[in-house]
Amino acid sequence: LETFFENKWFSRVWIFQEAILPRSVYFVIGLNTMPVNVFYASRQWVQDQSDLEPAIRGFKSYNDIIFTRMAKYDLLIRHSFYAKLSEVSAFRDATDPRDLVYGMLGLKEEGQIVIEPNYSLEIGQVFHQAAIAIIQGTGVLDLFEALPIDQTKTSKVNLPSWVPDWTIKRSRIPLFGNGTYDMKMVNPFFASHDRKHKFINPSVNQYWLICVGAEVDSIKNILADTPRIFRTRPYNQRSLELELFFEIVSKIHVIRECVTALNPTISIARLLQTIFIDGAAAPADYCPLSDERLNSLAEILHCDSDKLNASLSSREGNEIQDTCNLVSKITPYSSRRVIFLTKGGRLGMGPETILEGDSIAIIHGSKTPLVLRASLERRFRVIGQCFLEGTMYGDSCTWSEDDAGQIVIE
């Protein structure tokens, strides 16, 4: 298995659609012919290995193939093209980087997204035109979840802040789940209601994205230690849920002390709602965390160590186990994000690259608020999506479409 998954065939971008589109796919190895899903049962063995990095990369590619083939026949699974580019292309190799887009066109299911291969264009132009086609075709700005962290510093391609660089691997989990492979994942947020992005052709600069919406708040204080407190565990490690639970309990106490120092009125229930993204990373039967649920979690996590140990024998195990499950599923979404307070007194969580003074805007077509950084002449750069209490369900989008202001992103 190690030798098989180390084969460079798995790392190439073009093989992906070749393995997805045919109705039947077989591996031919010497005189042996095997169906494509024959190795799927070995996924646990691969995940348990700690020193097989090339094999693990190959298995991830194989795993993506299996899940995408499954998704072809399940109408409840989201098939967004931008998510395929972000989750598949960026993890594969191409002799010509333009093929990170063109090599995936056979899997594009949205007919309204029109992308024609043109190898006379530079890499940045290809990515730019693909982003425009996706936004024009869908009317939504979910594309922003694919933006790499601090793209302006890490990208070798000259791109506007709103165009993803698909040569960079995505290093954090999107706020509302992995767009391609989270089975039955439901996007719970609608910060701008159901308003679509209406594409406006920029007359001054073709690389600007002209949006409509409004600035609703700005960042006042940042808890910069959050990414170190909530780290994603390595792919191949397993740990007891109870062990993870106690680890996170202690870390929540640390963050709670930091938040209290900034604003003593913030309750642990509000903090949990933010860290847990209001339950958005929970299983597919998502519903916002109720006040009762938050208070129950707060009560458990507010206990000191002695009380927690005592609760294991005094409580019926279901409540502790349920809390362990919720914490272990949701806290990885906090990795490479920071908790912040706004000038309006709201608690939020956004990319680790945010700065005090950054604006938070609700833009039509975006399911989440966006952190924007002011540039010249009232233009902005996109820093990324964020969670901000009191805005995720359209609460702050109180203006009519005609009254929305124009926001220029460069």
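Nothing here was measured: the structure is a model prediction, and the numbers come from that model.

Here is what the cut-offs are and how they apply
Residues numbered from 1 in each chain as written. Predicted model: local features only at pLDDT ≥ 70, side-chain atom pairs only at ≥ 80, totals over all residues. Heavy atoms only, no water. Helix = DSSP H or I, 4+ residues; strand = E, 2+ residues; numbered from the N terminus. Expected span 1.5 Å × (residues − 1). Buried < 20%, exposed > 50% of the residue type's maximum accessible area, 1.4 Å probe, protein only. Contact = heavy atoms within 4.5 Å. Salt bridge = Lys/Arg side-chain N within 4 Å of Asp/Glu carboxyl O. Phe/Tyr/Trp six-rings, centres within 6.5 Å; stacked < 30°, edge-to-face > 60°.

### What to know about helix 7 (residues 123–138)
Because the α-helix completes a turn every 3.6 residues, residues three or four places apart line up on one side.
1) Next: Taking 1.5 Å per residue as the helical rise, helix 7 with its 16 residues ought to reach 22 Å, and the 23 Å between its terminal C-alpha atoms agrees with that figure.
2) Next: Of all the positions in helix 7, only G124, V126, F127, H128, A130, A131, I132, A133, I134, I135 and G137 are classed as buried.
3) Next: Residues of helix 7 that are buried make contact with helix 5 (81–87), helix 6 (99–102) and strand 3 (209–223).
4) Next: Looking one or two residues past helix 7, G139 carries a phi angle of roughly 75°, positive in sign.

### Digging into the environment of E389
1) Next: Position of E389 relative to the elements: it lies in the loop between strand 9 (387–388) and strand 10 (405–409).
2) Next: Remark: the alpha-carbon pair of E389 and D278, spanning 111 residues in sequence, is separated by 8.7 Å.
3) Next: Once residues within four sequence positions are removed from consideration, E389 is found in contact with R270, Q273, G345, R346 and L347.

### Details of the pattern of salt bridges
1) Next: Under the definition given, this model contains 10 salt bridges.
2) Next: Its salt-bridge partner being R98, residue D96 comes within 2.8 Å of it at the nearest N-O pair.
3) Next: Taking the relative accessible area as the measure of exposure, D96 reaches 19% and is therefore buried.
4) Next: Across the pair E410 and R379 runs a salt bridge, and its minimum N-O distance is 2.8 Å. Taken together, the positions of E410 in the segment after strand 10 and R379 in strand 8 (residues 379–385) put the pair 31 residues apart, joining distant regions of the chain.
5) Next: Linked through salt bridges whose partners overlap, the residues forming this network are E377, R379 and E410.

### A closer look at unusual backbone geometry
1) Next: The backbone of H193 sits at a positive phi, close to 60°, despite the residue not being glycine.
2) Next: Take H193: it is sitting in the loop between helix 8 (151–154) and strand 3.
3) Next: Backbone geometry at R378 places phi at a positive 60°, although glycine is not the residue there.
4) Next: Along the chain, the position of R378 falls in the loop between strand 7 (370–374) and strand 8.
5) Next: Residue classification places R378 among the exposed positions, given a relative accessible area of 56%.

### Considering the packing of aromatic side chains
1) Next: Applying the stated criterion across every chain, the model contains 14 aromatic pairs.
2) Next: When the centroid spacing of 5.5 Å and the interplanar angle of 85° are considered together, the rings of F127 and W166 count as edge-to-face. Here W166 lies in the loop between helix 8 and strand 3 and F127 lies in helix 7, a separation of 39 residues in the sequence.
3) Next: Exposure remark for F127: the relative accessible area of 0% places this residue in the buried category.
4) Next: On the basis of relative accessible area, W166 is assigned to the buried category, the value being 1%.
5) Next: For the ring pair F190 and Y393, a centre distance of 5.8 Å and an interplane angle of 65° mean the geometry is edge-to-face.

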